[in-house]
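Here's the letter readout for the chains.
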Amino acid sequence: TLGLSLVGCFMIYGSVRLEDMVMWQDQNCWGIFVQPLAFFLFFACAIAESKRIPFDLPEAESELVSGYFTEYSGMKFGMFYFAEYMEIVTSSMLLVVCFLGGWQLPFLHRDGLTISIGSTVFLETVKLPHIWVIVIGVLAFFGKVLALCFIQAFVRWSLPRFRYDQLMRLGWTVLLPAA
């Protein structure tokens, strides 16, 4: 489902290069407005791939105290959690690039800031040095990534764990056909 949710994006953007995807979204509209179902499918599958609640079934093994982490302590346990959080950040970066416009902001252009909707211009071009446009773009990208990481953490705090049969039914009868 994770890969199939991106196939529609590749078809719409006409490329598999991440930079081309961001440039297409800059010229047209963000991918979340073009394919909202693919965004939510990718988001749900990204949470499932990172094995976090509500999809943390290996850790919820009933015979073990803390799942498969019982055997690990200290640095080994820390490396497992570090890898889990890196997976969350990586999936958030892919979500931002594929669906949320990457480093682009709606009214920020190469030459500065222009606020206009359709033919109505609310603010003429405010000239900004190119280095400031780059800095704002980098901050926008990492701000979007942090927001998605927080949303993933909020989902973890909010939802209970699935049972194995519920997860299999969700994956095979809902997510995969929707992708």
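Located above this text is the structure these notes cover.
Computed from a prediction, not measured in an experiment: that's the story for all the values here.

K.L.:
Can you break down the overall build of the chain residue by residue, with the values?
P.N.:
A tally of helices and strands in the chain yields seven helices and two strands. Starting at the N terminus and ending at the C terminus, the chain contains elements arranged as α-α-α-α-α-β-β-α-α. Relative to its 179 residues, the chain shows a buried fraction of 35%. Within the chain, contacts between residues separated by at least 24 positions form 69% of all contacts whose residues are at least 6 apart in sequence. For the chain, the accessible surface area stands at approximately 11000 Å², while carbon and sulfur atoms represent 70% of it.

K.L.:
Please provide a residue-by-residue account of the packing of helix α2 (residues 18-27) against helix α5 (residues 75-99), values included.
P.N.:
Axis separation between α2 and α5 bottoms out at 7 Å; the angle between their running directions is 45°. As judged from the angle between their axes, α2 and α5 are oblique. Of the residues in α5, those in contact with L18, M21, V22 and Q25 of α2 are L94, V97, C98 and F99. Each residue belonging to the contact of α2 with α5 can be placed in one class, and the counts come to seven nonpolar, one polar and no charged.

K.L.:
Residues and numbers for helix α4 (residues 36-49), please.
P.N.:
For α4, with 14 residues, the first-to-last C-alpha span of 20 Å sits near the 20 Å given by 1.5 Å per residue. If you follow the buried residues of α4, they end up packed against α1 (4-13), α3 (31-34), α5, α6 (130-158) and α7 (164-178). Following α4 by one or two positions, K51 has its phi on the positive side, about 55°.

K.L.:
How would you summarise the environment of L159 if you had to cite specific residues and measurements?
P.N.:
Following the sequence through the fold, L159 ends up in the loop between α6 and α7. Taking the C-alpha atoms as reference points, L159 and I53, separated by 106 residues in sequence, lie 7.0 Å from one another.

K.L.:
Quick one: what's the story with the nonpolar core, residue by residue and with numbers?
P.N.:
Core analysis: the biggest nonpolar cluster contains 26 residues, and F39, L95, F99, L100 and L148 have the highest contact counts within it. Listing elements by their share of this core, those giving two or more residues are α1, α2, α4, α5 and α6. Of the residues forming this core, the biggest block, six residues, is contributed by α5. Discounting residues that sit within four places of it in the chain, L100 has contacts with Q25, W30, I32, F39, L95, K144 and L148.

How each quantity is defined
- Residues numbered from 1 in each chain as written.
- Predicted model: local features only at pLDDT ≥ 70, side-chain atom pairs only at ≥ 80, totals over all residues.
- Heavy atoms only, no water.
- Helix = DSSP H or I, 4+ residues; strand = E, 2+ residues; numbered from the N terminus.
- Buried < 20%, exposed > 50% of the residue type's maximum accessible area, 1.4 Å probe, protein only.
- Contact = heavy atoms within 4.5 Å.
- Areas by Shrake-Rupley, 256 points an atom, 1.4 Å probe, with all protein chains shown as cover.
- Axes fitted to C-alpha atoms, helices over the stretch in contact; angles between N-to-C directions.
- Parallel < 35°, antiparallel > 145°, perpendicular 65-115°, else oblique.
- Nonpolar A, V, L, I, M, F, W, Y, C, P; charged D, E, K, R; others polar.
- Expected span 1.5 Å × (residues − 1).
- Core = buried A, V, L, I, M, F, W, Y, C linked by side-chain atoms within 4.5 Å.

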